[in-house]
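# Tertiary structure, described
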Amino acid sequence: MYQIQGKCVFKMSALNEPALRVPNKSTVIFETLDCFSNQLQLESQKMDALDWERINPATGPLYIEGAEAGDALKVTIEKIALAEWGTMVALPDNGVLGSLVTESEIKRLPIKNGIVRFNERILLPAAPMIGVIGTAPESGEVFCGEPGSHGGNMDNTRIAEGAVLYLPVYHPGALLSLGDVHAVMGDGEIMVSGVEAPASVTITAEVIKNAGLVTPLLENTRACSVIASDKDVEKAVFIATETMCRIVMKKLGLSLNEAGMLLSAAGNLRFCQVVDPKRTVCMELGKEILNSVL
Ligand code: CA
Ligand code: ZN
């Protein structure tokens, strides 16, 4: 089994040296740090001591032989094994409630037997998901904290065990990196952190030739979805909706009006996160209507 450990990037870019090269359809374990590079270990730590240069590491990149610009990388999320502790923060001026937060705070949450202990009274079932996962972007270097058409910090709660994510490939080898695993997170990630936890993530990467994706697609046992990110949340909503509309027209043989009406009747538009430099949303349609997204 292939494994990547101790190699991470803070920017996704075609300039990054591959951490590992594998044949198409390989299964690889990525050992990931939490989004703070595991710097926060105690609730008594001071946030000012945090090295912000080391925020949002992504393990990788993985070079998949045969992947070329214009292809899609099909990433099957086989397993997400969480560490025994998660971390959350509240930070003034960060997130939806940032204007109300007067002091920063660190919360450490034990994770045991699939349960995240928020406090003595409140227990949350773990629902592990990958916050950051992407290929090298089309141009330039993009911080791992930023989402885009290459993926990145999408913070989509559905990028979880059993899901299949399709990412656009812009450069040879695709250069897949991932990290920022959350033991559990609510849609929106309103305080800018989920329950941030180091993890061992097992994925299988397969190249789909000439898929011509404009934005990431996701499929799980229940639904198909299109994920889109933009500085302007309304633009992200448009990209996700239009892309799904085109898929529905082609796959179900509907006119634009009919496909739109179908999405209006049965499609669910959801926030992934509303707190990063670009906002991420997804348009989801049940498998009973659309049986595959690609
Ligand atoms: Ca994130
Ligand atoms: Zn995170």
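Heads up: the structure comes first, above all this text.
None of these values were measured; they are calculated from a predicted model.

## Focus: the overall build of the protein chain
- Check the secondary structure of the protein chain and you find two helices and 22 strands.
- By the compact-globule yardstick of 19 Å for 294 residues, the protein chain fits well, its C-alpha radius of gyration being 19 Å.
- Reported as C-alpha extents along the three principal axes, the dimensions of the protein chain are approximately 60 × 40 × 35 Å.
- Expressed as a percentage of its 294 residues, the buried residues of the protein chain come to 53%.
- Put simply, of all contacts in the protein chain between residues at least 6 apart along the chain, 75% involve residues at least 24 apart.
- Averaging the locations of the 25 positively and 35 negatively charged side chains of the protein chain gives two centres separated by 4 Å.

## Some thoughts on the pattern of salt bridges
- Using the criterion set out here, one finds 11 salt bridges in the structure.
- E68 is the partner of K209 in a salt bridge, and the nearest nitrogen-oxygen pair spans 3.0 Å. Remark: E68 occurs in the loop between β6 (58-64) and β7 (72-82) and K209 occurs in the loop between β18 (199-208) and β19 (217-219); sequence separation between them is 141 residues.
- Under the relative-accessibility criterion, K209 is labelled partly exposed at 42%.
- K235 is the salt-bridge partner of D230, the closest N and O atoms lying 3.9 Å from each other.
- Connected through shared salt-bridge partners, R158, D187, R270 and E284 make up one network.

## Structural notes on the pairing of strand β22 (residues 279-286)
- The element β22 is largely enclosed, with a buried count of seven among its eight residues.
- Here strand β20 (residues 223-230) pairs with β22 via eight bridges, running antiparallel. In the sheet register, S229 faces β22, and the bridge partner there is T280.
- Of the pairings in the sheet, the one linking strand β21 (residues 268-273) to β22 comprises five bridges and is antiparallel in character. Across the sheet, the residue bridging to F271 is V281, located in β22.
- Hairpin connection from β21 to β22: five residues lie between these consecutive antiparallel strands.

## Digging into the coordination of the zinc ion (ligand 2)
- Around the zinc ion (ligand 2), the protein supplies D180 (OD), H182 (NE2), E196 (OE) and E196 (OE) as donor atoms, at distances of 1.8 to 2.5 Å.
- Binding-site remark: the zinc ion (ligand 2) is held by donors from one chain whose sequence spacing is D-x1-H-x13-E.
- Between the zinc ion (ligand 2) and the calcium ion (ligand 1) the interatomic distance amounts to 3.4 Å, and D180 serves as a bridging ligand to the pair. Of this pair, H182 sits in strand β17 (residues 176-182) while E196 sits in the loop between β17 and β18, and the two are 14 residues apart along the sequence.

## As for the nonpolar core
- Core analysis: the largest hydrophobic core is formed by 33 residues, its most contacted members being I133, L176 and I203.
- Mapped by element, the contributors of at least two residues to this core are β5 (26-32), β6, β7, β12 (129-134), β16 (164-168), β17 and β18.
- It is β18 that provides the largest number of residues to this core, a total of five residues.
- Residues V164, V226, A236 and V293 belong to the second largest nonpolar core, which totals 21 residues.

## Description of the coordination of the calcium ion (ligand 1)
- Listed as protein donors to the calcium ion (ligand 1) are N153 (OD1), D155 (OD), D155 (OD) and D180 (OD); their distances from the metal cover 2.2 to 2.5 Å.
- Within one chain, the residues serving as donors to the calcium ion (ligand 1) are arranged as N-x1-D-x24-D.

## Some words on the sheet that holds strand β1 (residues 2-4)
- Spatially, nine strands are ordered β1-β5-β18-β7-β16-β19-β20-β22-β21 in an open sheet, and the strand pairing comes out mixed. The strands lining the two open edges of the sheet, one partner per strand, are β1 and β21. Between one strand axis and the next, the sheet turns by 25° as a mean value, whatever way the strands run.
- As judged from the three bridges shared by β16 and β19, these two strands associate in the antiparallel manner. Opposite L165, over in β19, you have L218 as the bridge partner.
- Along the sheet, helix α1 (residues 233-252) makes contact with β19, β20, β21 and β22, crossing β20 at roughly 145°.

## Concerning the sheet that holds strand β9 (residues 105-112)
- Taking strand neighbours across the sheet as the criterion, the four strands line up as β8-β9-β10-β11 in an open arrangement whose pairing is antiparallel. With one partner strand each, in any of the chains shown, β8 (85-90) and β11 (123-125) form the two edges of the open sheet. Going across the sheet, the axis of each strand differs from the next one's by a mean of 30°, ignoring polarity.
- Relative to β9, β8 runs antiparallel, the two being bridged by six bridges. Directly across from W85, in β9, lies its bridge partner P110.

Reading guide: rules and limits
Residues numbered from 1 in each chain as written. Chains lettered and ligands numbered in written order. Predicted model: local features only at pLDDT ≥ 70, side-chain atom pairs only at ≥ 80, totals over all residues. Heavy atoms only, no water. Helix = DSSP H or I, 4+ residues; strand = E, 2+ residues; numbered from the N terminus. Rg over C-alpha atoms; globule rule 2.2 N^0.38 Å. Buried < 20%, exposed > 50% of the residue type's maximum accessible area, 1.4 Å probe, protein only. Contact = heavy atoms within 4.5 Å. Lys, Arg positive; Asp, Glu negative; His and termini not counted. Charge placed at Lys NZ, Arg CZ, Asp CG, Glu CD. Salt bridge = Lys/Arg side-chain N within 4 Å of Asp/Glu carboxyl O. Pairing = 2+ DSSP bridges. Donors = N, O, S within 2.8 Å, 3.2 Å for Na, K, Ca; no water. Core = buried A, V, L, I, M, F, W, Y, C linked by side-chain atoms within 4.5 Å. Axes fitted to C-alpha atoms, helices over the stretch in contact; angles between N-to-C directions.

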